[in-house]
Amino acid sequence: MKQFAFTLEKVLRFKQETLDLLKNELEQLRYRQREIERSIENVDDEFRRYDRALAEKMQSGMDARVVAVYKRYFGELNRQGRQLQDQREKAAAAVAAKRGEIVRMNSDISGLERVRDKQLRAYLEKDRKEQERFIEEFVGRAVPARSSPAG
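Residues numbered from 1 in each chain as written. Predicted model: local features only at pLDDT ≥ 70, side-chain atom pairs only at ≥ 80, totals over all residues. Heavy atoms only, no water.

1. Considerations on the overall build of the protein chain
Counted only if it meets this: Helix numbering and strand numbering both begin at the N terminus, where a helix is a DSSP run of H or I of at least 4 residues and a strand a DSSP run of E of at least 2. The globule rule used here is 2.2 Å times the number of residues to the 0.38 power, and the radius of gyration it is set against is calculated over C-alpha atoms. Type-normalised accessible area, obtained with a 1.4 Å probe on protein chains alone, sets the label of each residue: buried when under 20%, exposed when over 50%, and partly exposed for intermediate values. Contacts were defined at the residue level, with two residues in contact if any of their heavy atoms lie within 4.5 Å. The Shrake-Rupley method, run with a 1.4 Å probe sphere, supplies the accessible areas, and residue values consider only the shown protein chains as cover. Think of it this way: Lys and Arg go in the positive column, Asp and Glu in the negative one, and His and the chain ends go nowhere. Here the site of a charge means NZ on Lys, CZ on Arg, CG on Asp, or CD on Glu.
Scanning the protein chain from N- to C-terminus turns up two helices and zero strands. Taking 15 Å as the expected radius of gyration for a compact globule of 151 residues, we find that the protein chain reaches 36 Å, considerably beyond that expectation. Residue burial in the protein chain is summarised as follows: out of 151 residues, 17% are buried. Here the analysis covers contacts within the protein chain between residues at least 6 apart in sequence; of these, 86% occur between residues at least 24 apart. Taken as a whole, the protein chain presents about 11700 Å² of accessible surface, with 53% of it coming from carbon and sulfur. In the protein chain, 33 side chains carry a positive charge and 27 a negative one; their mean positions are 2 Å apart.

2. Points about the side chain of Lys98
Take Lys98: it is sitting in helix 2 (residues 64-146). Those residues in contact with Lys98, other than ones at most four positions away along the chain, are Leu22, Glu25, Leu26 and Leu29.

3. Side note on a nonpolar patch on the surface
Spelled out, the test is: Patch criteria: residues need more than 30% relative accessible area and no salt bridge. Like-charged residues are merged within 9 Å; nonpolar side chains of Val, Leu, Ile, Met, Phe, Trp and Tyr are merged within 5 Å. The term salt bridge refers to a side-chain nitrogen of Lys or Arg lying within 4 Å of a carboxyl oxygen of Asp or Glu.
On the surface, Phe134, Ile135, Phe138 and Val139 cluster together into a nonpolar patch covering about 430 Å² of accessible area. Classification of Phe134 as exposed rests on a relative accessible area of 55%.

4. Details of the environment of Glu89
By the secondary structure assignment, Glu89 is in helix 2. Judged by its relative accessible area of 55%, Glu89 is exposed. Distance from Glu89 to Asn78, taken between C-alpha atoms, is 17 Å for residues eleven residues apart in sequence.

5. What about the pattern of salt bridges?
Applying the stated criterion to the full structure yields 13 salt bridges. Two residues, Arg34 and Glu27, come together in a salt bridge whose shortest N-O distance is 3.5 Å. Overall, the relative accessible area of 38% leaves Arg34 in the partly exposed class. The exposure class assigned to Glu27 is partly exposed, which follows from its relative accessible area of 41%. With a closest N to O distance of 2.4 Å, Arg79 and Glu76 form a salt bridge. Here the residue Arg79 and the residue Glu76 both occupy positions in helix 2, the gap between them amounting to three residues, near one helical turn. Note on Glu76: relative accessible area 29%, which makes it partly exposed. The network of salt bridges with shared partners includes Glu125, Arg128, Lys129 and Glu132.

6. Section: the side chain of Thr18
Basically, it comes down to this: N or O atoms closer than or at 3.5 Å make up a polar contact, with two conditions inside protein: a donor-capable atom paired with an acceptor-capable one, and, for residues adjacent in sequence, both atoms drawn from side chains.
Relative to the helices and strands, Thr18 is located in helix 1 (residues 9-59). On the accessibility criterion, Thr18 (18% relative accessible area) is buried. A polar contact is formed between the side chain of Thr18 and the backbone oxygen of Phe14, at a distance of 2.8 Å.

7. Considering the packing of aromatic side chains
Let me state the cut-off plainly: Here a Phe, Tyr or Trp ring, Trp counted by its six-membered ring, pairs with any other such ring whose centre lies within 6.5 Å, and the pair is stacked when the planes are under 30 degrees apart, edge-to-face when over 60, and tilted otherwise.
Tallied over the entire structure, the rule returns six aromatic pairs. Relative to Tyr123, the ring of Phe4 lies with its centre 5.4 Å away and its plane at 50°, an arrangement referred to as tilted. Pair noted here: Phe4 is in the segment before helix 1 and Tyr123 is in helix 2, with a separation of 119 residues, a long-range link. Look at Phe4 and you get partly exposed, because its relative accessible area is 24%. The interplanar angle of 50° and the centroid separation of 6.2 Å between the aromatic rings of Tyr70 and Phe74 together place this pair among those described as tilted. Remark: Phe74 and Tyr70 occur in helix 2; sequence separation between them is four residues, near one turn of the helix. Both residues of the pair, Tyr70 and Phe74, count as buried.

Written out as structure tokens, the structure is:
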């Protein structure tokens, strides 16, 4: 009997390769998400550092123009922080969407694997029946040859 061949093997392989690509894309998105988190932490750290510096300088007395420069810089840091927060939200949405794609692809693959397993079971059952039929025919031809010495 010929070797088992799953009729949708190429489709299954394509979906598995696509799943691998989706997982790589997800990892890249997660990496980007971590970078954004680090940037947010850096902006927050910088804000705290300059805020402490401003507080120390104000205790010893400070020109109003220098305070205005600090305030403008704090405004810029706040703007950067808001932009990074927006990027974080978009990155989280992209990660969630990619996870959804991966779940759907896993579902497709498992469906194809169930079909493959069903086809394999049918193939093995057919093969077993053909082997039984062959054995019966072989035994059936061999039995009359033995009974001739009694005659």
